[in-house]
Amino acid sequence: MTLRDDALKLHLDNCGKIEIGLKVPLQNNMDLALAYTPGVAEPCKDIKENEDLSFDYTWRGNCVAVISDGTRVLGLGNIGAAAAIPVMEGKSALFKAFGDVDAISVCLDTTDKEEFKKTVMILQKNYAGINLEDIQSPKCYDIEDELKEMCDIPVFHDDQHGTAIACLSGVLGGLRYVKKDIKTAKIVVNGCGAAGSAIGRLLVNMGATDVTMVDRWGALYDGIEEDQGITLDRIQKGLSVKTNLNKNKGTLADVVKGADVLIGVSAPNVFTKEIIQSMAEKNIVFAMANPVPETSYAAAKEAGATVVGTGRSDSPNQVNNVIVFPGIFRGALDVRAKRITEEMKVAAAYALANLIPEEELREDYVIPSAFDQRVAPTVAAAVAKVAIEQGLARKIVDPEVVYQNTAKRIAR
């Protein structure tokens, strides 16, 4: 049996990966009277007077919609709404397994940005949060930013921010291991798409002062559009002003020389031996192209990299979004946060990095495993704390209680 055979059999035998379960008994007339008519009218009347009670009286309070238009699914590209369902359903399964969040796959059969936003707005009263997934850039930026302003529940594009938080938690761990500071380290990010741009923005928000973004046109800098006659999207334009302050020009091979950190969200096998060997001593390489990274773990180590991470589960230091999004939403839902902010993302990255004590750091262990039972509770508590501090929590819950409750939820 091949991986394809096994995967198809799993999906066929189970008709997918998730199902609806019951929380209450339905075995007699009294059960029906309480769960449905006439008893169901009582919470309806209370919710009509106070809509926030919908978070208490229904599953809304623990429910997230995983919404996609199927225009950029994994490494498959624009495959459409129906073909995207297995991925969104899989994401829903991860939400449940790693954060005890009830998540529903919602694949919209439209590529129109305005229709997408309108549909989400119409549906939002059913959910406590919206997880956007697998949407083409730059459209994904507008959809997320505009929905964040339009909705009164958290909207989070995991392809951008989950990837950024997971990656940078590993980079922080790597920097601790090699005794370097993010504020002064020379960092190069290869790839200015959704994930790469989110990584660049989060690096700046974390205090990094020497960040250079690179894409097919070379190093990004303020003025590149006029110099090279190219058109940047609005996120790239913002990064051109906030990064590469010395306006260094050239290819990846040119600007990576002497770099302490090299992050890839670009294309397979572009981190050559020569590129890695031109970096500073005690360097860090995170290669996250999917499914084939910019360099393999073994090749990067052979080239002299000190710390290496990829998105693959068969190598050390796996960058996996599952260490991020279940905890992010768990914390946001527990305090009924209105949104997920940059400060919450920074807090989540540091919380994940600090899960590994100094004495346990190794070159092959700078990022916690997805199966570390401390991950979701730690992220949830960090997010809840910041939400409360920023006045974005509808419900005040001690972050330590959030941690303990999350730990109990995922240990069931």
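Everything discussed here concerns the structure shown above.
Notes on the structure in this doc start here. (Residues numbered from 1 in each chain as written. Predicted model: local features only at pLDDT ≥ 70, side-chain atom pairs only at ≥ 80, totals over all residues. Heavy atoms only, no water.)

For the rest of this paragraph, the subject is the packing of helix α15 (residues 325-334) against helix α17 (residues 375-389). The contact between α15 and α17 brings their axes to 7 Å, and the two run at 45°. Judged by the angle between their axes, α15 and α17 are oblique. As α15 runs across α17, the sense of the crossing is right-handed. In contact with Gly 327, Ile 328, Arg 330, Gly 331 and Ala 332 of α15, α17 contributes Ala 376, Val 379, Ala 380, Val 383 and Ala 384. Here the contact of α15 with α17 is built from residues that sort into 7 nonpolar, 2 polar and 1 charged. (Axes fitted to C-alpha atoms, helices over the stretch in contact; angles between N-to-C directions. Helix = DSSP H or I, 4+ residues; strand = E, 2+ residues; numbered from the N terminus. Parallel < 35°, antiparallel > 145°, perpendicular 65-115°, else oblique. Left-handed = near helix turned anticlockwise from the far one by under 90°. Contact = heavy atoms within 4.5 Å. Nonpolar A, V, L, I, M, F, W, Y, C, P; charged D, E, K, R; others polar.)

Let us look at the packing of aromatic side chains. Counted by the stated rule, this structure contains 4 aromatic pairs. Aromatic pair Phe 95 and Phe 325: ring centres 4.8 Å apart, planes at 65°, arrangement edge-to-face. A residue pair is termed long-range when its members are at least 10 positions apart, and Phe 95 in helix α5 (residues 81-99) and Phe 325 in helix α15 qualify at 230 residues. Pair check on accessibility: Phe 95 and Phe 325 agree, each one buried. Here Phe 95 and Phe 329 contribute two aromatic rings whose centre-to-centre distance is 5.4 Å and whose plane-to-plane angle is 75°, an arrangement assigned as edge-to-face. Note that Phe 95 is positioned in helix α5 and Phe 329 in helix α15, a separation of 234 residues in sequence. Each member of the pair Phe 95 and Phe 329 is classed as buried. Connected via pairs of aromatic rings, a cluster forms that spans Phe 95, Phe 156, Phe 325 and Phe 329. Directly above the aromatic system of Phe 325 lies the positively charged group of Lys 91, at a separation of 4.4 Å from the ring centroid. (Phe/Tyr/Trp six-rings, centres within 6.5 Å; stacked < 30°, edge-to-face > 60°. Buried < 20%, exposed > 50% of the residue type's maximum accessible area, 1.4 Å probe, protein only. Lys NZ or Arg CZ within 6 Å of the ring centre and 35° of its normal.)

Turning our attention to the side chain of Asp 159. Tracing the chain through its elements places Asp 159 in helix α8 (residues 158-178). No salt bridge is formed by the buried Asp 159; the nearest opposite charge belongs to Lys 91, separated by 5.2 Å. At a separation of 2.5 Å, a polar atom in the side chain of Asp 159 contacts the main-chain amide nitrogen of Asp 134. At a separation of 3.3 Å, a polar atom in the side chain of Asp 159 contacts the side chain of His 157. Setting aside residues no more than four positions away along its own chain, Asp 159 makes contact with Glu 133, Asp 134, Ile 135 and Ala 195. (Lys, Arg positive; Asp, Glu negative; His and termini not counted. Salt bridge = Lys/Arg side-chain N within 4 Å of Asp/Glu carboxyl O. Polar contact = N/O pair within 3.5 Å; in protein donor to acceptor, adjacent residues only side chain to side chain.)

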